[in-house]
Amino acid sequence: MKYSFDVMLEENDYYEFNKFWMLKSHYGKRNILSIRVMIGVMILAVMAFSLFLGKFTAAAFLGMIPFAVILVVVQLLINPFFAMMLKSQMKQMKKSGKMPFSAVSLIAFYEDRFEENTAEGKAEHPYTALERVSAVEGKMVYLHINNVMAYLIPYKSFADGAQYEEFLAFLSQKCEKIDRYKK
């Protein structure tokens with residue numbers, strides 16, 4: 001065994017993962033960009049239609065100001081809106097009594113695979129199953145199995161910064177895509 005981590009996750013860790021996934025990760029950024037473009041195109045189409053109906057008069061151009069303001073406000077509020085929506089969904093999950101993560105686990109890393117042991121069971125994956133690794137400096141390491149599932153290793157699970165860096169160097173030998181993010 002090369003590395004072994006006792007992982008203790010809290011609701012906030014799960015929230016931060018989902019927020020990271022949605023707003024900063026390789027996966028989420030594409031989705032947010034698509035939404036931004038789609039909303040922008042729709043508002044610009046309404047603006048063009050309005051100008052056309054107004055026969056491109058000065059009044060029609062002045063009528064564009066509210067649409068432009070709406071476009072800017074919507075673009076600015078997309079990220080906070082998604083974060084707020086995520087918190088709401090987590091409250092609903094908590095109410096139902098089952099959060100979609102194991103609070104306590106042991107994740108062990110071997111030369112050819114890694115394993116997660118929880119009270120619910122054991123999961124074993126070869127490193128080829130890792131689609132991507134995202135390391136948020138001083139916060140968390142996310143081992144993405146696919147675009148919606150990841151194993152979370154909080155920074156507090158590492159003995160120190162040196163072990164954190166050694167572990168990332170080890171993972172860079174096992175996974176081609178390692179993204180590093182600042183807090």
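Model, not experiment: these values are computed from the prediction. (Residues numbered from 1 in each chain as written. Predicted model: local features only at pLDDT ≥ 70, side-chain atom pairs only at ≥ 80, totals over all residues. Heavy atoms only, no water.)

1. Notes on the packing of helix α1 (residues 11-23) against helix α4 (residues 64-96)
Consideration 1: For the pair α1 and α4, the least separation of the axes is 10 Å and the interaxial angle reads 145°. Crossing hand, α1 versus α4: right-handed. Packed against α1, whose contacting residues are Glu-11, Tyr-14, Tyr-15, Asn-18, Lys-19, Met-22 and Leu-23, the element α4 presents Asn-79, Phe-82, Ala-83, Leu-86, Lys-87, Met-90, Met-93 and Lys-94 at the interface.
Consideration 2: When grouped by side-chain class, the residues that make up the contact of α1 with α4 number 9 nonpolar, 2 polar and 4 charged. (Axes fitted to C-alpha atoms, helices over the stretch in contact; angles between N-to-C directions. Helix = DSSP H or I, 4+ residues; strand = E, 2+ residues; numbered from the N terminus. Left-handed = near helix turned anticlockwise from the far one by under 90°. Contact = heavy atoms within 4.5 Å. Nonpolar A, V, L, I, M, F, W, Y, C, P; charged D, E, K, R; others polar.)

2. Notes on the packing of helix α2 (residues 26-53) against α4
Consideration 1: Direction vectors running N to C along α2 and α4 enclose 165°, while the axes themselves pass 10 Å from each other. Judged on the interaxial angle alone, α4 and α2 are roughly antiparallel. The handedness of the crossing between α2 and α4 is right-handed. Where α2 approaches α4, its residues Ile-32, Ile-35, Arg-36, Ile-39, Gly-40, Ile-43, Leu-44, Val-46, Met-47, Ser-50 and Leu-51 are matched on the opposing element by Met-64, Phe-67, Ala-68, Ile-70, Leu-71, Val-74, Gln-75, Ile-78, Asn-79 and Phe-82.
Consideration 2: The residue inventory of the contact of α2 with α4, partitioned by class, reads 16 nonpolar, 4 polar and 1 charged. (Parallel < 35°, antiparallel > 145°, perpendicular 65-115°, else oblique.)

3. A few points about the pattern of salt bridges
Consideration 1: Tallying each qualifying case throughout the model produces 12 salt bridges.
Consideration 2: Between Lys-156 and Glu-10 there is a salt bridge, and its shortest N-O distance comes to 3.8 Å. Remark: Glu-10 occurs in the loop between β1 (3-8) and α1 and Lys-156 occurs in the loop between β7 (150-154) and α5 (161-174); sequence separation between them is 146 residues.
Consideration 3: Here Lys-182 ties to Glu-137 by a salt bridge, and the two come within 3.2 Å at their closest N and O atoms. Pair noted here: Lys-182 is in the segment after β8 (178-181) and Glu-137 is in the loop between β5 (132-136) and β6 (140-144), with a separation of 45 residues, a long-range link.
Consideration 4: A relative accessible area of 64% places Lys-182 in the exposed class.
Consideration 5: Judged by relative accessible area, which is 41%, Glu-137 ranks as partly exposed.
Consideration 6: Residues joined in a network through salt bridges with shared partners are Asp-112, Arg-113, Glu-115, Lys-122 and Glu-124. (Salt bridge = Lys/Arg side-chain N within 4 Å of Asp/Glu carboxyl O. Buried < 20%, exposed > 50% of the residue type's maximum accessible area, 1.4 Å probe, protein only.)

4. Notes on the sheet that holds β8
Consideration 1: Pairing in this open sheet of 4 strands is mixed, and the strands run β7-β6-β5-β8 from one edge to the other. Looking at which strands have only one partner, the edges of the open sheet turn out to be β7 and β8. Between one strand axis and the next, the sheet turns by 15° as a mean value, whatever way the strands run.
Consideration 2: Note: β5 against β6, 5 bridges, orientation antiparallel. (Pairing = 2+ DSSP bridges.)

In short, shape yes, function no, at least from these values alone.
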